[in-house]
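Now for the letters of each chain:
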Amino acid sequence: MNQQPAPKAAIVPTIGRIVYYVLPQYQVEEINRRRQHARNELDYHRWKKNGTMIHVGNEVKAGQVVPAMIVAVWGATPTSAVNLKLFLDGSDDYWVTSTNVGEPDQEGKYHWMPYQLGQAAKTEAAEKEIAAAKQAAFNDAAGEPSKPA
């Protein structure tokens with residue numbers, strides 16, 4: 001199925017929002033290394049039973065898109081840096097610090113889901129329509145001619 005690209009909209013990141021993150025090679029290596037180490041030491045951890053968090057999960061690959069939650073925001077603009085908690089397919093997660101919004105195929109960056117972009121575009125259009133209606137009402141009250149929207 002051929003999907004049309006979502007409309008572009010400027011979304012300001014806020015804590016708790018879910019986004020998509022594209023894994024870069026160096027983070028893939030780190031995640032897979034932790035998971036391999038856990039597999040190698042699994043018998044020890046089962047024997048020890050001390051509650052240690054072990055990193056078990058499916059292998060990740062560079063360019064793979066994973067869901068993430070924004071856990072900190074550094075600014076109040078659409079390009080503000082954020083910290084993310086990645087939700088990996090396994091028992092572990094991964095913390096990404098000070099990353100910015102990017103394109104859907106840009107490794108090491110996050111991007112908004114198509115639905116979020118669509119909703120933001122609808123909101124922007126509605127806000128423009130309301131502003132135009134308010135301006136027209138103001139012009140009518142002031143006796144000025146209205147400009148078509």
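As a reminder, the structure under discussion sits directly above these lines.
Residues numbered from 1 in each chain as written. Predicted model: local features only at pLDDT ≥ 70, side-chain atom pairs only at ≥ 80, totals over all residues. Heavy atoms only, no water.

### What to know about the nonpolar core
Here comes step 1: Counting residues in each nonpolar core, the largest one holds 20 residues, and the members touching the most others are Tyr21, Leu23, Leu84 and Leu86.
Here comes step 2: Mapped onto this core, the elements with two or more residues apiece are strand E1 (18-22), helix H1 (25-40), strand E2 (65-74), strand E3 (81-87), strand E4 (93-99) and helix H3 (114-142).
Here comes step 3: Setting aside its immediate chain neighbours within four residues, Leu84 contacts Val19, Tyr21, Ala68, Met69, Ile70, Val71, Tyr94, Trp95, Val96, Thr99 and Tyr110. (Core = buried A, V, L, I, M, F, W, Y, C linked by side-chain atoms within 4.5 Å. Buried < 20%, exposed > 50% of the residue type's maximum accessible area, 1.4 Å probe, protein only. Helix = DSSP H or I, 4+ residues; strand = E, 2+ residues; numbered from the N terminus. Contact = heavy atoms within 4.5 Å.)

### Observations concerning the packing of aromatic side chains
Here comes step 1: Counted by the stated rule, this structure contains 2 aromatic pairs.
Here comes step 2: With centroids separated by 6.0 Å and ring planes inclined at 40 degrees, the aromatic side chains of Tyr44 and Trp47 adopt a geometry described as tilted. With Tyr44 and Trp47 both in helix H2 (residues 42-48) and 3 residues apart, the pair spans about one turn of that helix.
Here comes step 3: Taking the relative accessible area as the measure of exposure, Tyr44 reaches 40% and is therefore partly exposed. (Phe/Tyr/Trp six-rings, centres within 6.5 Å; stacked < 30°, edge-to-face > 60°.)

### Section: the sheet that holds E4
Here comes step 1: Pairing in this open sheet of 5 strands is antiparallel, and the strands run E4-E3-E2-E1-E5 from one edge to the other. Two strands lie at the open edges of the sheet, namely E4 and strand E5 (110-111), each paired on one side alone.
Here comes step 2: Across 2 bridges, the pairing between E1 and E5 is antiparallel. Across the sheet, the residue bridging to Tyr21 is Tyr110, located in E5.
Here comes step 3: Taken strand by strand, H1 contacts E1 and E4, and its axis lies near 155 degrees from that of E4. (Pairing = 2+ DSSP bridges. Axes fitted to C-alpha atoms, helices over the stretch in contact; angles between N-to-C directions.)

### Digging into the environment of Ser98
Here comes step 1: Relative to the helices and strands, Ser98 resides in strand E4.
Here comes step 2: Each C-alpha atom, one on Ser98 and one on Lys109, is 9.7 Å from the other, the two residues being 11 residues apart in sequence.
Here comes step 3: The contacts of Ser98, once residues within four sequence positions are left out, are Trp74, Ala81, Val82 and Asn83.

### Side note on the pairing of E1
The side chains of a regular strand alternate, first on one face of the sheet and then on the other.
Here comes step 1: Across 5 bridges, E1 lies against E2 in antiparallel orientation. From the neighbouring strand, Val22 faces E2, where its bridge partner is Val65.

### A closer look at the side chain of Ser80
Here comes step 1: Residue placement: Ser80 occurs in the loop between E2 and E3.
Here comes step 2: On the basis of relative accessible area, Ser80 is assigned to the buried category, the value being 5%.
Here comes step 3: At 3.2 Å, the side chain of Ser80 forms a polar contact with the backbone nitrogen of Ala76.
Here comes step 4: A polar contact is formed between the side chain of Ser80 and the backbone nitrogen of Thr77, at a distance of 2.9 Å. (Polar contact = N/O pair within 3.5 Å; in protein donor to acceptor, adjacent residues only side chain to side chain.)

### Some thoughts on the pattern of salt bridges
Here comes step 1: Per the counting criterion, the structure on display carries 3 salt bridges.
Here comes step 2: Salt-bridge contacts for Arg34 lead to Asp92; the nearest nitrogen and oxygen are separated by 3.5 Å. Of this pair, Arg34 sits in helix H1 while Asp92 sits in the loop between E3 and E4, placing them 58 residues apart in sequence. Judged on exposure class, the residue Arg34 and its partner Asp92 are both buried.
Here comes step 3: Lys61 serves as the salt-bridge partner of Glu59, at 3.7 Å between the closest nitrogen and oxygen.
Here comes step 4: Given the relative accessible area of 57%, Glu59 is considered exposed. (Salt bridge = Lys/Arg side-chain N within 4 Å of Asp/Glu carboxyl O.)

### Let's talk about unusual backbone geometry
Note on backbone geometry: most residues besides glycine have negative phi, and most peptide bonds are trans.
Here comes step 1: Even without being glycine, Lys49 reaches a positive phi, approximately 50 degrees.
Here comes step 2: One non-glycine residue, Ser98, lies in the positive phi region at around 50 degrees.

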